[in-house]
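In case you want the letters, here they are:
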Amino acid sequence: MSAVIIDGKQVAADVRADVAKKVAELKTKGIEPCLAVILVGENPASVSYVTGKQKALAEVGMKDRSVHLPESTSEAELLKLIDELNADPTVHGILVQLPLPKHINEDKVIMAIRPEKDVDGFHPVNVGNMLIGRPGFLPCTPHGVIVLLRKAGIETSGKHAVVIGRSNIVGKPVAALLARKDVNCTVTMCHTGTKNMAEITRQADIIVVASGRPHTLTADMVKDGAVVIDVGVNRIPDASKKSGFRLVGDCDFDDLKEKTSFITPVPGGVGPMTIAMLMQNTLESASK
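Per chain, residue numbering runs from 1 following the sequence as it is written. In keeping with the predicted nature of the model, local features appear solely for residues at pLDDT of at least 70, side-chain atom pairs appear and are counted solely at 80 or more, and the whole-chain, interface and lining totals rest on all residues. The side-chain numbers reported here are obtained from all heavy atoms of the structure, hydrogens and water having been left aside.

A. Examining the overall build of the chain more closely. For helices the rule is a DSSP run of H or I covering at least 4 residues; for strands it is a run of E covering at least 2, with both sets numbered from the N terminus onward. Broken down by element type, the chain carries 10 helices and 12 strands. To get the radius of gyration, use the C-alpha atoms; to get the globule rule, take the number of residues to the power 0.38 and multiply by 2.2 Å. Its C-alpha atoms give the chain a radius of gyration of 19 Å, near enough to 19 Å, the size a compact globule of 288 residues would have. Taking the principal axes of its C-alpha atoms as reference, the chain extends roughly 55 × 40 × 35 Å. Exposure classes here rest on a 1.4 Å probe applied to the protein chains alone. A residue is buried below 20% of its type maximum, exposed above 50%, and partly exposed in between. Of all 288 residues assigned to the chain, the portion counted as buried reaches 48%. Note that His is not counted, nor are the chain ends; the positive residues are Lys and Arg, and the negative ones are Asp and Glu. In this description, the location of a charge corresponds to atom NZ of lysine, CZ of arginine, CG of aspartate or CD of glutamate. Taken as two groups, the 34 positive and 33 negative side-chain charges of the chain have centres that lie 2 Å from each other.

Structural data, given as structure tokens:
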């Protein structure tokens, strides 16, 4: 058996095309959806994420209000900028690229963004709404995982889903979304404290790996025909590449693709979905 490789690039392109069509409709009513992405400092991964977001904004026809601040920016200066953007009715979404420099408190910054402009879905109000099934912005990467499962036609109702990782950005929210009635999985969460992980993952119909380290999930840890969604993005040294590194996920892709029914690649799987769902959240905000 060889797995169907889920093409996140294609699904994300379809989402962006749909968003672009709706943005054009909103513009005829005099509303121009606008996202402000704030980057503090020069973290190379963050710079590349922000560039990707700016490209997507141009593609869907949204206004780009990106702000690039120096590493030395104080917490007070950043909070003042967020207040100004909160108060600006022409800005529909505010996203502060994480991680922030050490001298700035991330929680304080997340709390400062008004929930109705928090298109990242990180504000406790949006997290709470997600947990109790009320309307609000869903976090982009976990929501992207659910959309990929749907678009691939994978049956989720009544299936056993195992999530590896318990971060606030992916692990916890993706477990909550998988358990919601419209997805209807039975969910087990594994993490660094889990004693018998392979025993648990071998029972899973669907495995979402978001551990943040390569080789977390290997072929001997899955049953035949399982579905694997790999959220990890790790840089590992590779002298044959011009950059000196290559990107790998959290699972052993080559071995697993011979044993699973569906699998996402890295890059080109979950990654493109994150930005696509961000565009969708910004569109929703502007529509309101």
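Continuing now.
B. Up close: the pattern of salt bridges. The salt bridge definition used is simple: a Lys or Arg side-chain nitrogen within 4 Å of an Asp or Glu carboxyl oxygen. Taken as a whole and assessed by the stated rule, the structure comprises 11 salt bridges. As a salt-bridge pair, E116 and R114 come within 2.8 Å of each other at their nearest N and O atoms. Classification of E116 as partly exposed rests on a relative accessible area of 42%. Measuring nitrogen to oxygen at the nearest pair gives 3.2 Å for the salt bridge that ties R150 to D182.

C. Layout of the side chain of N86. Along the polypeptide, N86 turns up in helix 3 (residues 75–87). Of the polar contacts made by the side chain of N86, one reaches the backbone oxygen of A112; its length is 2.8 Å. The contact criterion used throughout is that any non-hydrogen atoms of two residues lie within 4.5 Å. Excluding residues that lie within four positions of it along the chain, N86 makes contacts with I94, A112, I113, R114 and K117. In protein, a polar contact means a hydrogen-donor-capable atom and an acceptor-capable atom, both N or O and within 3.5 Å, with residues adjacent in sequence counting only if both atoms are side-chain atoms; elsewhere, any N or O pair within 3.5 Å suffices.

D. Geometry of the pairing of strand 7 (residues 186–190). Bridge count for strand 6 (residues 160–164) against strand 7 is 5 bridges, and the pairing is parallel. Paired with V162 across the two strands is T188, which belongs to strand 7. A clockwise course of the path from the first strand over the helix to the second, judged with the strands pointing away from the viewer, identifies a crossover as right-handed. Taking the sense of rotation as the criterion, the β-α-β connection linking strand 6, helix 7 (residues 171–179) and strand 7 turns out right-handed. Only strands that DSSP links by at least two bridges are regarded as paired with each other.

E. Representation of the environment of T51. With respect to the helices and strands, the residue T51 is situated in helix 2 (residues 44–60). For the pair T51 and S66, spaced 15 residues apart in sequence, the C-alpha separation works out to 9.9 Å.

F. Structural detail: the nonpolar core. As used in this record, nonpolar core signifies buried Ala, Val, Leu, Ile, Met, Phe, Trp, Tyr and Cys residues forming a set joined through side-chain atoms within 4.5 Å. One finds L178 and M279 to be the most contacted residues of the largest nonpolar core, which totals 52 residues. The greatest single-element share of this core, amounting to 8 residues, is contributed by helix 10 (residues 271–287). When residues no more than four places from it in sequence are discounted, the contact partners of L178 are I146, L149, A161, V163, V183, N184, C185, V187 and V208.

G. Representation of helix 1 (residues 8–28) in the model. Between the first and last residue of a helix there are one fewer steps than residues, each counted as 1.5 Å, and that sum is the expected span. Here helix 1 spans 31 Å end to end across 21 residues, near enough to the 30 Å set by a 1.5 Å rise per residue. For helix 1, the complete set of buried residues consists of G8, V11, A12, V15, R16, V19, V23 and L26. All buried residues of helix 1 project into a common sector of 130° when viewed along the axis, lining one side. Away from its buried face by more than 90 degrees, helix 1 exposes K21 and T28. Between the side-chain oxygen of the N-cap and the backbone nitrogen of K9 there are 3.1 Å, and the N-cap of helix 1 in question is D7. Immediately downstream of helix 1, the backbone of G30 shows phi near 85°, a positive value. In this context, the arc is that of the directions from the helix axis out to the C-beta atoms.

H. Expanded view of helix 6 (residues 140–151). Across its 12 residues, helix 6 extends 16 Å between first and last C-alpha, which sits within 8% of the 16 Å expected from 1.5 Å per residue. Counted residue by residue, helix 6 has 10 buried out of 12 residues, so it is predominantly covered. Among all positions of helix 6, only C140, T141, P142, H143, G144, V145, I146, V147, L148 and L149 are buried. Buried residues belonging to helix 6 abut helix 1, helix 7, strand 8 (206–209), strand 9 (227–230) and helix 10. One or two positions beyond helix 6, positive phi appears at G153, with a value near 75°.

I. Highlighting the packing of aromatic side chains. Only the six-membered ring of Trp is used, alongside the rings of Phe and Tyr, when aromatic pairs are assigned; centres must lie within 6.5 Å, and planes under 30 degrees apart are stacked while those over 60 apart are edge-to-face, with the rest tilted. Counted by the stated rule, this structure contains 0 aromatic pairs. Only lysine NZ and arginine CZ atoms are considered, and such an atom sits over a ring when it is within 6 Å of the ring centre and within 35 degrees of the ring normal. Across the ring face of F137, the terminal group of K288 is positioned such that the distance to the ring centre comes to 4.9 Å.

J. Structural view of the sheet that holds strand 6. The strand order across the open sheet formed by 6 strands is 1-12-9-8-6-7, and the pairing between neighbours is parallel. Here the strands that pair on one side only, and so sit at the sheet edges, are strand 1 (4–5) and strand 7. Relative to strand 12 (residues 262–263), strand 1 is paired through 2 bridges, and the arrangement is parallel. Following the sheet pairing, I5 is matched in strand 12 by I263. Lines fitted to C-alpha atoms define the axes, with helix axes restricted to the stretch in contact, and inter-axis angles between N-to-C directions lie between 0 and 180 degrees. Contacts between helix 7 and the sheet are confined to strand 6, strand 7 and strand 8, with strand 7 contributing the most and set at about 165° to the helix.

K. Structural view of the side chain of H143. Along the chain, H143 falls in helix 6. Looking at H143, the relative accessible area reads 13%, which means it is buried. Not counting chain neighbours up to four residues away, the residues in contact with H143 comprise L138, L177, M277 and Q280.

Such coordinate-based values are descriptive only and should not be taken to indicate function.
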